[in-house]
Amino acid sequence: MQLLARFDDPETERTYVAQERVARIPATRFLIILAVGTLISYIVFNPMHFPREGVLDYNIAAGVFIVLLGSFYALTYTQFYVERGWVDILVFTGLTVAMVLLIEALAKQADITGISRFGMAVINLGILVVFASVGFVATTRYFLLWAGALLAFYLAFLLQADRTIVNKVYTFTNFATFFTFACFVNWDIDRRARKTFAANLALEAEQAKTEQLLYNILPQDVASRLREGEAVADAFSDVSVIFVDIVGFSQLAKTMSPGHLVKMLNTVFIRADECAERYGVEKVKTIGDAYLAVSGGNSSRTCRACDAIGFGLELIGAVEEIARKSKIDLKVRIGIHTGPVVGGVIGNQRMVYDYWGDTMNVASRIEGIAEPNGIAVSEATFYGANERIAFGEPELVTLKGVGEVKVYRVIGPL
């Protein structure tokens, strides 16, 4: 990181400054209270030793200082303080003027305190610059600008003083020690804070990637529930289950290389994912060459059966396009049944939100009697979509493990 660090992105820099200033407000307020308490203690102590005029001079200077500190304290409650780091220069310039007044008031009592004006300047300006090293928050450049001006002011003060060169050198060296220490403190605090902020940004970016990966695997509300430690188990009363199977896949597997076969499957399933997203259909999983999806599980569409059939019709069109371009005899069968299902996540490895129930079995059986590049649906699905979809005449068929059911074949949209 460069000596005077700054984030390349202006928005990132603004965010860092705002967050750091908010985080450091409690410490800043504590220092202000400590400073006010110190001034008040001297206001109480001075009358025991200073003459009336000296007490009045000190109290006026201390009063100005306390008012400025109180204004600084109130400023920390504003959004202006958080967003405008340059305000630190104004605050500490005002405090510098108040400190000079305080030094002058104390210098008049040098016979009592035993500390000359130069000694008072070293001590009090040194205290101020150390206080400023913490008070300038996330604004190292502004601090160095202010501190450099203060150092120049103090040097000019020394040069015009009637003191020996040795006295001036030692006095300036003492103040420069405060100055150097304060600069290091401000720079190091900011450097460490920036490293922490950058690390947090990187961590948030990785967390976002992890969450996005999780949302690609699981529905968003399900992923959120899992992150909160909740056991995910749901019951749905009206879900349209969609089974898609590639016709003659075993034969295709014999005639195609493994790489070509996987590429073809990937192309089909990617198009299926795109169709699912357009129709609000939820992909559950792929099982070999079969694609399982539902409409109405964790989606919020109103006409679940219509969406399921719309998905199927668009997918068939996509498969026909893939077949034309690839010169592969590629067709799919689609079966849809609507009814109650149970959904949930089981286990803690390779998690997937799965669905169970007779509705799943019936949809799988209906897929087996669909025509190549055709859609067969149950009676329940028919009644859920017949106002918007055209169907052929009902057929009474016997499904293995289910018995006789009435099945309709999709013709297309009305």
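To be clear, the structure that these remarks concern was listed above.
If you're wondering where the values come from, they're calculated on a predicted model, not measured in any experiment.

In this section: the packing of helix H6 (residues 117-135) against helix H8 (residues 165-217). At their nearest, the axes of H6 and H8 sit 8 Å apart, and the two run at 5° to each other. Considering their axes alone, H6 and H8 lie roughly parallel with respect to each other. Facing H6, whose interface residues are Phe118, Val122, Leu125, Gly126, Val129, Val130, Ala132 and Ser133, H8 presents Thr171, Asn174, Phe175, Phe178, Phe179, Phe181, Ala182, Val185 and Asn186. Taken together, the residues of the contact of H6 with H8 break down into twelve nonpolar, five polar and no charged.

On to the environment of Ile89, then. Mapped onto the fold, Ile89 is located in helix H4 (residues 87-107). Taking the C-alpha atoms as reference points, Ile89 and Leu145, separated by 56 residues in sequence, lie 8.5 Å from one another. Each residue touching Ile89, except ones within four places of it in the same chain, is listed here: Phe136, Tyr142, Leu145 and Trp146.

Residues Phe92, Leu125, Phe143 and Trp146 are the most contacted members of the largest nonpolar core, which totals 55 residues. Breaking this core down by element, the ones donating at least two residues are helix H1 (10-45), helix H2 (52-75), helix H3 (79-83), H4, H6, helix H7 (140-159) and H8. By residue number, the principal contributor to this core is H4, which donates ten residues. Excluding residues that lie within four positions of it along the chain, Trp146 makes contacts with Ile89, Phe92, Thr93, Thr96, Leu128, Val129, Ala132 and Phe136. Core analysis: the second largest hydrophobic core is formed by 40 residues, Met256, Leu265, Tyr291 and Ala323 among them.

Tallying each qualifying case throughout the model produces 22 salt bridges. Linking Arg84 and Glu83 is a salt bridge whose minimum nitrogen-to-oxygen distance equals 3.6 Å. Accessibility expressed as a relative area gives 46% for Glu83, which makes it partly exposed. Across the salt bridge formed by Asp329 and Lys331, the nearest N and O atoms sit 3.0 Å from each other. Members of the salt-bridge network, linked through shared partners, are Arg6, Glu13, Asp190 and Arg194.

By secondary structure assignment, the location of Gly392 is in the loop between strand E7 (389-391) and strand E8 (395-399). According to the relative accessible area criterion, Gly392 is partly exposed, its value standing at 24%. A C-alpha to C-alpha distance of 5.4 Å links Gly392 and Arg409, two positions 17 residues apart in sequence. Among all residues touching Gly392, those that are not within four sequence positions of it are Tyr408, Arg409 and Ile411.

Rules and cut-offs
Every residue gets a number counted from 1 within its own chain, in the order that chain's sequence is written. In keeping with the predicted nature of the model, local features appear solely for residues at pLDDT of at least 70, side-chain atom pairs appear and are counted solely at 80 or more, and the whole-chain, interface and lining totals rest on all residues. Think of the side-chain values as coming from all heavy atoms in the structure, minus any hydrogens and water. Note on method: axes are straight lines fitted to C-alpha atoms, helices fitted across the in-contact stretch only, with angles between N-to-C directions ranging 0 to 180 degrees. In this text, helices come from DSSP runs of H or I with a minimum length of four residues, and strands from runs of E with a minimum of two, each type numbered from the N-terminal end. For classification purposes, angles smaller than 35 degrees are called roughly parallel, those larger than 145 roughly antiparallel, those between 65 and 115 roughly perpendicular, and all remaining angles oblique. In this analysis, two residues are considered to be in contact whenever any of their non-hydrogen atoms come within 4.5 Å of each other. Each residue gets one label: Ala, Val, Leu, Ile, Met, Phe, Trp, Tyr, Cys and Pro are nonpolar, Asp, Glu, Lys and Arg are charged, and the others, such as Gly, are polar. Buried Ala, Val, Leu, Ile, Met, Phe, Trp, Tyr and Cys residues that are joined via side-chain atoms within 4.5 Å together make up what is termed a nonpolar core. Only protein chains enter the area calculation, which uses a 1.4 Å probe; residues under 20% of their type maximum are buried, those over 50% are exposed, and those in between are partly exposed. Criterion for a salt bridge: a side-chain nitrogen of Lys or Arg within 4 Å of a carboxyl oxygen of Asp or Glu.

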